[in-house]
Structure formats: structure tokens, C-alpha cells
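Given next are the chains, with one letter for each unit.
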Amino acid sequence: MTQSVEFSEPYDVVVAGAGPAGGSAAYVAADRGLRTLLLERRGPPRDKTCGGLVTNLCVDFVQKIFGRTVPSEIQIPPSPMPVFVAPPSGRSAGFLVPHEYVLNVTRRGFDGWLARCAEERGADLWRDAEAIRFLPKGDRLVVSVATRDGRTDIETRYLVGADGIHSRIRDQIDPRPFAQRAYYIQEYCPRTGDFEDWFYLMYRGDTSPIYSYVIPKEDLLCLGIGIHKSVAPTYEVGMQRFKGWLAEEFGFRDLGPRRKEGYPVPLGGIHMGKDRVLLAGDAAGFCYPPTGEGITFAVQSGAAAAASVAQGRDIGSRYAAEMSKVAAWIEAAASRTLHLTDAEREARIRMKAGL
Ligand SMILES: Cc1cc2nc3c(=O)[nH]c(=O)nc-3n(C[C@H](O)[C@H](O)[C@H](O)COP(=O)(O)OP(=O)(O)OC[C@H]3O[C@@H](n4cnc5c(N)ncnc54)[C@H](O)[C@@H]3O)c2cc1C
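Bear in mind the structure is a predicted one, so any value in this text is a computation, not a measurement. (Residues numbered from 1 in each chain as written. Predicted model: local features only at pLDDT ≥ 70, side-chain atom pairs only at ≥ 80, totals over all residues.)

Caption draft 1: Representation of the packing of helix α1 (residues 20–31) against helix α3 (residues 107–120) within the structure. Packing of α1 against α3 leaves a shortest axis separation of 8 Å and a crossing angle of 15°. Judged by the angle between their axes, α1 and α3 are roughly parallel. For the crossing formed where α1 meets α3, the hand is left-handed. Contacts from P20, G23, S24, A26, Y27 and A30 in α1 reach D111, L114, A115, C117 and A118 in α3. Taken together, the residues of the contact of α1 with α3 sort by class into 8 nonpolar, 2 polar and 1 charged. (Axes fitted to C-alpha atoms, helices over the stretch in contact; angles between N-to-C directions. Helix = DSSP H or I, 4+ residues; strand = E, 2+ residues; numbered from the N terminus. Parallel < 35°, antiparallel > 145°, perpendicular 65-115°, else oblique. Left-handed = near helix turned anticlockwise from the far one by under 90°. Contact = placed C-beta atoms within 7 Å. Nonpolar A, V, L, I, M, F, W, Y, C, P; charged D, E, K, R; others polar.)

In C-alpha cells, the structure reads:
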């Protein structure tokens, strides 16, 4: 929609990044009658390295914010899936989480759909357009945008940085140290072994200091582990041990990965922005460390940021108050996640399950 973007008037809100945080922010801003511009440096649609699991809580947020259910066209089989948790002591001590289901989506489909909803609601969507930097100018901001055709300056009253873990917008306010990032590495393998159409969360410190998982994706299994540079094991060692665990307890046979990929996720270090700039999603640090679940909190925080702007007063403090419980919950989890022993993991899992 590059052609229809009109820059003569300042925007009320510019949103940088059309992931779940940006799509939700732009939808809510446009819905509240704000003149809104959504910028995305790649597409949309675009792919994102991710397990692509959407939780019940996220489905509820989408329903509440967008007034719609997640369409079946952007889900891939099997979907929905029950959630099975295996503690360090193994599969036999594992259990299905009562009433918990996840949808299996492609991020290309899910994020593309959210951006389309925002556009339909009245937001301008500028594809292949990257927010490079912002500068204050009186009671406005000037956002410098790079495209294949060159650079353009856009004026706006507020900027929402929803530009992911490598956020340029956040870097301008408060560069985040690497310690506040973990990495998830995924291998897509042919489907072998005794796996149901379930999402398997598995916790054992010698495979990952965070957690490991198996996600059935059509005829493949996506095996994932979370790693951190300061704590053993390395990716190679962790993945090898994880496959060993799966072979022993599920009869998994490693026929070689069809695809490997990895990407960082935030590990605490939440920053919600400053002055006329609000940060949402991964850019703000809204990702739950023990499971790497970030889509839910991206949708929630993006929508909350835009709703605060629409209120027109005490915008930063309103947004911070709205997200304060989630922020505290994430920070607490971030500080303990990497350092749990297997005995502590086992006890926490049993306690949470009421066992
Ligand atoms: C391997 C892996 C598996 C995961 N699995 C799950 C899962 O199953 N479920 C779950 O809930 N979470 C999962 N997560 C976390 C989840 O992917 C993120 O938390 C989520 O994508 C955050 O959404 P976001 O909108 O904040 O950022 P992103 O999804 O990263 O979107 C940011 C967007 O901004 C664009 N952009 C970047 N810079 C600029 C710029 N300067 N200007 C304009 N656009 C820009 C990017 O191209 C991108 O489209 C996983 C993460 C990883 C790494």
C-alpha cells in the first residue's frame, strides 16, 4: 500500500514493525480513530523464526481486541493441540495440562492477518519500509524511514517501537545488554517415534537451562531447545542430548533435520519506553522466559500501548500501569530460569500441576 500513504499531515501514531505487537497496536490505534501508520521493513507478509504456537490466553486477547477468532486458513495441522509437560524425571511423570490448548500457526499467516485487520480498520500500511531513527521536534517526533527508493521523514505525535528483539527504536532509548537474551534453536525432523498430536514441553537441565520442546508440524516434528551463552550446554550438546532423551522415551529416530534455524528471545530487561515513544512486544522484553512465549504478550502490550495513546493523557504511566503485573511476572521468571536445578524444576512443575 505504499502508493496510498499520505505524508502531508502528521500521524497520531507511527508503529514500527508489523509482528503481533505492531499489528495489534496499529489495529487498536486505528479503531480508536487515530491517524495511524504501520511500517514493516520486510513485507508483510514475512516469516519469523518461531514455534508458531498461539495459547488460549492469546486467542482470548485476539477475540477481545479484534473481535474475531483466529482463522482456520492460517493454522496448520495438527491444530489445536493439547499441551503435555514432561518434568526432568521423564515421560512417565508427565501430564496433560487441563483445559490448555495451543493453535499451530505459520507466523507468515498469523502476523499477515493481524496487519490486514489493522489496514482494514483504517491504518496506513507501508511495506518494505524501515524505521531508522527518530528525533524530537517540539510536541512531535520525526521518524526517518528507509525504503528501496531512499529516505523519507514522517512526523507523528507518538511512536510505538514494535520492531522486535533487535529494536532500533529501543536502541535509541536504552541499548539492551546481550545477557538479557536467550536463543531458541529449532530442527525440523521427519516425524518418527511415539508422539501424539500434542505440544510437548520438556524440562531437563542437561538439554537446556530453559526448556526443550517438540511441536508436530504437518509431517515433521519441530525440536527446539532454549540456550544461553552464560550457561551450559551449548546448542550442539543440548540438541544431541535432547534427541537422546526423545529416542529413549519416545522411540524417536533421527533421520536428519530438513531445516535448522535459531533466533534470540528477550530474557527480562523490560523497558516500556520514554516520553513520546512506547515499546511493545519483544522490543520491550515482553516474553515469558520459562517457555519463550512472546506472541501473547506482544498482542497484549501492542494493544495496551495504542489504547494508552488513544486516552490522550498520562500515556507512558498509563501503559506502564496496565502492563505492570506482566512485567513483574516476567522479570521474576527471568531472574530464576537459568539457575534452577532439576530438583527445583521438578518441584515447581509438580506444585503448579497440583501434584
Ligand atoms: C525459535 C523460537 C520459537 C518461538 N516460539 C514461540 C511460540 O511458539 N509461541 C510464542 O508465543 N512465542 C514464541 N516465540 C517468541 C515469539 O516469536 C516473539 O516473542 C514474538 O514474535 C514477538 O512479537 P513482536 O511483534 O514483538 O516482534 P516480531 O515478531 O519480531 O516482529 C517485529 C517486526 O518488526 C519488523 N522490524 C524490525 N525492525 C524494524 C524497523 N526498524 N522498522 C520497521 N520494521 C521493523 C520485523 O521485520 C518484524 O516483522 C519464539 C521465539 C523463537 C526465537
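Caption draft 2: Geometry of the nonpolar core. V15, A25, V160 and A280 are the most contacted members of the largest nonpolar core, which has 103 residues in total. Broken down by element, this core gets its largest block of residues, 9 residues, from helix α6 (residues 295–311). If you count residues domain by domain, this core takes at least three from each of domain 1 (11–47 + 109–176 + 268–337) and domain 2 (74–105 + 179–265 + 339–353). (Core = buried A, V, L, I, M, F, W, Y, C linked by C-beta atoms within 7 Å. Buried ≥ 20, exposed ≤ 12 C-beta atoms within 10 Å, placed from the backbone. Domains from an automatic or database assignment.)

Caption draft 3: Expanded view of α6. The end-to-end C-alpha separation of α6 is 24 Å, in line with the 24 Å expected for 17 residues at 1.5 Å each. By the criterion of burial, α6 is predominantly enclosed, with 14 of the 17 residues buried. Where α6 ends, the next residue or the one after it, G312, has phi of about 85°, a positive value. (Expected span 1.5 Å × (residues − 1).)

Caption draft 4: Spatial organisation of the site of the ligand. The environment of the ligand is made up of 39 residues, and the closest members are G17, G19, G51, G281 and G294. When residues of the shell around the ligand are traced back to their parent elements, those giving at least two are α1, β7 (130–137), β10 (181–190), β14 (259–266) and α6. Taken together, the residues of the shell around the ligand sort by class into 16 nonpolar, 13 polar and 10 charged. Looking at which domains feed residues into the shell around the ligand, each of domain 1 (11–47 + 109–176 + 268–337) and domain 2 (74–105 + 179–265 + 339–353) gives three or more. (Near = placed C-beta within 6 Å.)

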